[in-house]
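Per-entry structural report
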Amino acid sequence: MGDKAVVNPRHNKAEVFARLRDAHAREVTEDYVEMIGDLIAEEGEARSVALAERFGVTPATVNNTIKRLERDGFVTSRPYRAIFLTEKGEALAKKCRERHQIVYNFLVSIGVDPEIAEFDAEGIEHHVSEETLAVFERVAKSSV
């Protein structure tokens, strides 16, 4: 009666993989704006060298990513100066933190060790749909 039909996953493989590729593309942007926001909160500024250290990548990789983030309107920066989030970047960083917290709370609520939940939430937060995220939040709140 109220049961939803189970969709055969084979029927939507192309759509699934397209959504996955899109999520992977957003993942770097989301990680960077979140980390820039964290660095500003923790240290008062975000610099390329600190980003390279935190992500374990080369300064050249960070510089290329920052150029892309600037082009896309998430950050502003000048050579040899700090990096700042734009309004658009701050909004995305806030959304990412909230998604991360919801996923983390859900994982802990179903018995995942908090340290493991922290690690797992970092990956899941970029790939979970809004519908699933809402269920995660509801389940986590109901278990409190």
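See above for the structure.
Notes on the structure follow. (Residues numbered from 1 in each chain as written. Predicted model: local features only at pLDDT ≥ 70, side-chain atom pairs only at ≥ 80, totals over all residues. Heavy atoms only, no water.)

**Considering the pattern of salt bridges**
A side chain of one charge can pair with a side chain of the opposite charge if their charged atoms are brought near each other. For clarity, the threshold we go by: Here, a salt bridge means any Lys or Arg side-chain nitrogen found within 4 Å of an Asp or Glu carboxyl oxygen. Helix and strand assignments follow DSSP, with helices taken as H or I runs no shorter than four residues and strands as E runs no shorter than two, numbered in order from the N terminus. Burial classification: accessible surface area is computed with a 1.4 Å probe over protein chains only, and a residue below 20% of its type maximum counts as buried, one above 50% as exposed, and the rest as partly exposed.
If you walk through the whole model with that rule in mind, you get 10 salt bridges. Ionic pairing is found between Lys94 and Glu98, a salt bridge with its closest N-O pair at 3.8 Å. With a gap of 4 residues between them, Lys94 and Glu98 both fall in helix α4 (residues 87-109), about one helical turn apart. A salt bridge links Glu137 to Lys141; the shortest N-O distance between them is 3.5 Å. With Glu137 and Lys141 both in helix α6 (residues 130-142) and 4 residues apart, this pair spans about one turn of that helix. Overall, Glu137 belongs to the partly exposed group, its relative accessible area being 32%. Given the relative accessible area of 59%, Lys141 is considered exposed. Through salt bridges with shared partners, a single ionic network connects Glu42, Glu43 and Arg54.

**Some thoughts on the environment of Glu34**
By the secondary structure assignment, Glu34 is in helix α1 (residues 13-43). What makes Glu34 buried here is its relative accessible area of 8%. Considering only alpha carbons, one finds Glu34 and Lys95, 61 residues apart in sequence, at a separation of 9.1 Å.

**Describing the packing of aromatic side chains**
The condition is simple: Pairing of aromatic side chains here covers Phe, Tyr and the six-membered ring of Trp, requires ring centres within 6.5 Å, and sorts the geometry by plane angle: under 30 degrees stacked, over 60 edge-to-face, intermediate tilted. By definition, being over a ring means that NZ of Lys or CZ of Arg is both within 6 Å of the ring centre and within 35 degrees of the ring normal.
What the rule picks out here adds up to 2 aromatic pairs. The interplanar angle of 0° and the centroid separation of 4.0 Å between the aromatic rings of Phe106 and Phe136 together place this pair among those described as stacked. Placement of the pair is Phe106 in helix α4 and Phe136 in helix α6, with a sequence separation of 30 residues. Here Lys88 stacks its cationic end above the ring of Phe74, 4.6 Å away from the centre of that ring.

**Considerations on the packing of helix α2 (residues 48-55) against helix α3 (residues 59-71)**
Quick reminder of the rule: Axis lines are fitted to C-alpha atoms, over the contacting stretch for helices. Their N-to-C directions set the angle, which ranges from 0 to 180 degrees. Any angle between 65 and 115 degrees counts as roughly perpendicular, while under 35 counts as roughly parallel, over 145 as roughly antiparallel, and the rest as oblique. Each helix crossing is assigned a hand: it is left-handed if the near helix lies turned anticlockwise from the far helix by less than a right angle, otherwise right-handed if that turn is clockwise. Contact criterion: two residues are considered in contact whenever any of their non-hydrogen atoms come within 4.5 Å of each other. Ten residues, namely Ala, Val, Leu, Ile, Met, Phe, Trp, Tyr, Cys and Pro, are considered nonpolar, four, namely Asp, Glu, Lys and Arg, are considered charged, and the remaining ones, Gly among them, are considered polar.
Closest axis-to-axis distance for the α2/α3 pair is 9 Å, and the angle between their directions is 115°. As far as their axial angle goes, α3 and α2 are roughly perpendicular. Considering the relative orientation of α2 and α3, their crossing is right-handed. Along the contact surface, α2 presents Ser48, Leu51 and Ala52, while α3 presents Pro59, Val62, Asn63 and Ile66. Each residue belonging to the contact of α2 with α3 can be placed in one class, and the counts come to 5 nonpolar, 2 polar and no charged.

Limitation: the analysis is restricted to geometry and does not speak to function.
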